[in-house]
Amino acid sequence: RGVGGMTMYMGTTAVQKNRNYDDIIKGSVGRSDSSSRSGDSNIRLGPSSKGGWGGGGTGGPGWSNAPARAKSFGTDRAGSLQKKATSELKASPNAFALIAEETDDVLSVTNASANMTLEESQGPSVVTLERDVCEQRTKSIFLEFVNTRDASEVQASLSEISEQNRKEFVEFMIMLAYEARESERQIAAEVVALGESVISKESYAYSFGVMIEDLDSSELDFPKATETLALLTGRCLSAGCFDLSGDMGWVKESLSVVQSKKLAAKFVVLTLANMRDAGDASADSTIQRCRTAYGATGVDARALAVESGWSEGFEELVKDRNIAPLLEGN
């Protein structure tokens, strides 16, 4: 955080952000003016004709034929190992093709259209994917969970990619949720939270911080972007994806970038409501955790509402979502 230079493309809007990494989405996210479906999963995939989140058809990378996750174990010692099998996993030209070569104790991955590297560490090696490839992997992970509801597969897939890719995974999942229907947003929130045992708390904070800062432009490009981001943030807070005992000041810092203080205040209220609802909503321990989370951020939601001239609407929302007890003591 705190280094310069990133442009995030959302629909037709390009917003210059204070981040030092490449464009996370270059025209790959289409508007929701048409839809396509993959199998029986009933997932709206966006307009494939624009090369976006397409579901087959023409032009888009195609969810239905997105490659299964590519595995990489150990180091590439194929020269000394006997090859047992070779399989080719292909997506459309806009996606990527992988050739997986399985040996006795190693599955090395060669990318046919984008660069990947193996990061050596004390544990098993992981694959670092180019950003566009990571986007396709994110879609594959999501659809696999939709079809199987296998949480362990999500975690296994995330364990095979680098921490930088895990940050990107969180961002891409949020973008996916922005374009999804309500029922699909709930699934997306579940998938993001499932990474808690694999993705570092710092990476969660970084990625959510990036997306919070873009609330103004996101709200223009995607209906209910604030509600959607609050849903995912609340679910991840409940799942323990953030360090409530550490520095949560990144939330206040990110919200300070949001020009619409009304959106900022609304986001806080809905995040607390979703955090409570993801647990035992009536339990004293849940209410106390929500209070702790709110206090740790250092955010004063009422002050934001007053600044924006939205005090009456704020109090109505607090009453409607019954979160007044969550704001007590802060």
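J.: How should I be thinking about the nonpolar core in this particular structure?
T.: Here is a general trend for soluble globular proteins: nonpolar side chains tend to be buried in one another's company. Counting 78 residues, the largest nonpolar core has Phe142, Tyr204, Phe208, Leu229, Phe242, Leu255 and Phe314 as the members making the most contacts within it. In this view, Tyr204 contacts Val170, Val192, Ala193, Gly195, Glu196, Ile199, Cys236, Cys241 and Phe242; residues no more than four positions away in its chain are not counted.

J.: Any chance you could explain the packing of aromatic side chains here in plain terms?
T.: To describe a pair of aromatic rings, you give the distance between the ring centres and the angle between the ring planes. Applying the stated criterion across every chain yields a total of 5 aromatic pairs. Ring geometry for Tyr204 against Phe242: centres 6.0 Å apart, planes inclined by 70°, an arrangement best described as edge-to-face. With Tyr204 in helix 5 (residues 201-213) and Phe242 in the loop between helix 7 (225-239) and helix 8 (249-257), the pair connects residues that are 38 residues apart, well separated along the chain. Of the two residues, Tyr204 and Phe242, neither departs from the other in class, the shared state being buried. Measuring from ring centre to ring centre gives 5.3 Å for Phe242 and Trp250, while their planes differ by 40°; the resulting arrangement is tilted. For Trp250, a relative accessible area of 9% puts it in the buried group. Grouping aromatic residues by their ring pairs yields a cluster made of Tyr204, Phe208, Phe242 and Trp250. Directly above the ring of Tyr206 sits Lys167, whose terminal nitrogen or CZ lies 4.5 Å from the centroid.

J.: For this particular structure, what's the right way to read the environment of Leu263?
T.: Tracing the backbone shows Leu263 in helix 9 (residues 261-278). Placed 42 residues apart in sequence, Leu263 and Ala305 show a C-alpha to C-alpha distance of 8.8 Å. When sequence neighbours within four positions are dropped, the list of residues in contact with Leu263 reads Leu215, Asp216, Glu219, Thr226 and Val258.

J.: What should I look at first to understand unusual backbone geometry in this one?
T.: Only a minority of non-glycine residues have a phi that is not negative, and only a minority of peptide bonds are not trans. Phi is positive for Arg149, close to 55°, though the residue is something other than glycine. Topologically, Arg149 is positioned in the loop between helix 1 (131-148) and helix 2 (151-159). Arg149 sits in the partly exposed class, given a relative accessible area of 46%. Positive phi, normally seen in glycine, also occurs at Lys224, with a value near 60°.

J.: Please clarify how the pattern of salt bridges should be interpreted in this entry.
T.: Side chains that carry opposite charge are capable of pairing whenever their charged atoms lie near each other. Across all of its chains, the model carries 11 salt bridges by this definition. Salt-bridge contacts for Arg131 lead to Glu168; the nearest nitrogen and oxygen are separated by 3.3 Å. Residue Arg131 is found in helix 1, and its partner Glu168 is found in helix 3 (residues 163-179); the two are separated by 37 residues along the sequence. Residue class for Arg131 comes out buried when judged on its relative accessible area of 12%. According to the relative accessible area criterion, Glu168 is buried, its value standing at 5%.

J.: Would you explain the confidence of the model for the protein in this entry?
T.: Residues shown with low pLDDT carry predicted positions that ought not to be read at fine detail. In this model, the protein carries an average pLDDT of 73, and 62% of its residues clear a pLDDT of 70 or more. In this model residues 1-122 is a low-confidence stretch, pLDDT under 50, and it forms 294 contacts with partners more than four residues away in sequence or in other chains.

J.: Is there a simple way to explain the state of the cysteines in this structure?
T.: Simply put, the disulfide is a covalent bond whose two ends are the sulfur atoms of two cysteines. Scanning the entire structure with this criterion turns up 0 disulfides. With no disulfide of its own, Cys241 has Cys236 as its nearest cysteine by sulfur position, at a separation of 4.0 Å. The exposure class assigned to Cys241 is buried, which follows from its relative accessible area of 1%.

What counts as what
- Residues numbered from 1 in each chain as written.
- Predicted model: local features only at pLDDT ≥ 70, side-chain atom pairs only at ≥ 80, totals over all residues.
- Heavy atoms only, no water.
- Core = buried A, V, L, I, M, F, W, Y, C linked by side-chain atoms within 4.5 Å.
- Buried < 20%, exposed > 50% of the residue type's maximum accessible area, 1.4 Å probe, protein only.
- Contact = heavy atoms within 4.5 Å.
- Phe/Tyr/Trp six-rings, centres within 6.5 Å; stacked < 30°, edge-to-face > 60°.
- Helix = DSSP H or I, 4+ residues; strand = E, 2+ residues; numbered from the N terminus.
- Lys NZ or Arg CZ within 6 Å of the ring centre and 35° of its normal.
- Salt bridge = Lys/Arg side-chain N within 4 Å of Asp/Glu carboxyl O.
- pLDDT = per-residue confidence, 0-100.
- Disulfide = S-S within 2.5 Å.

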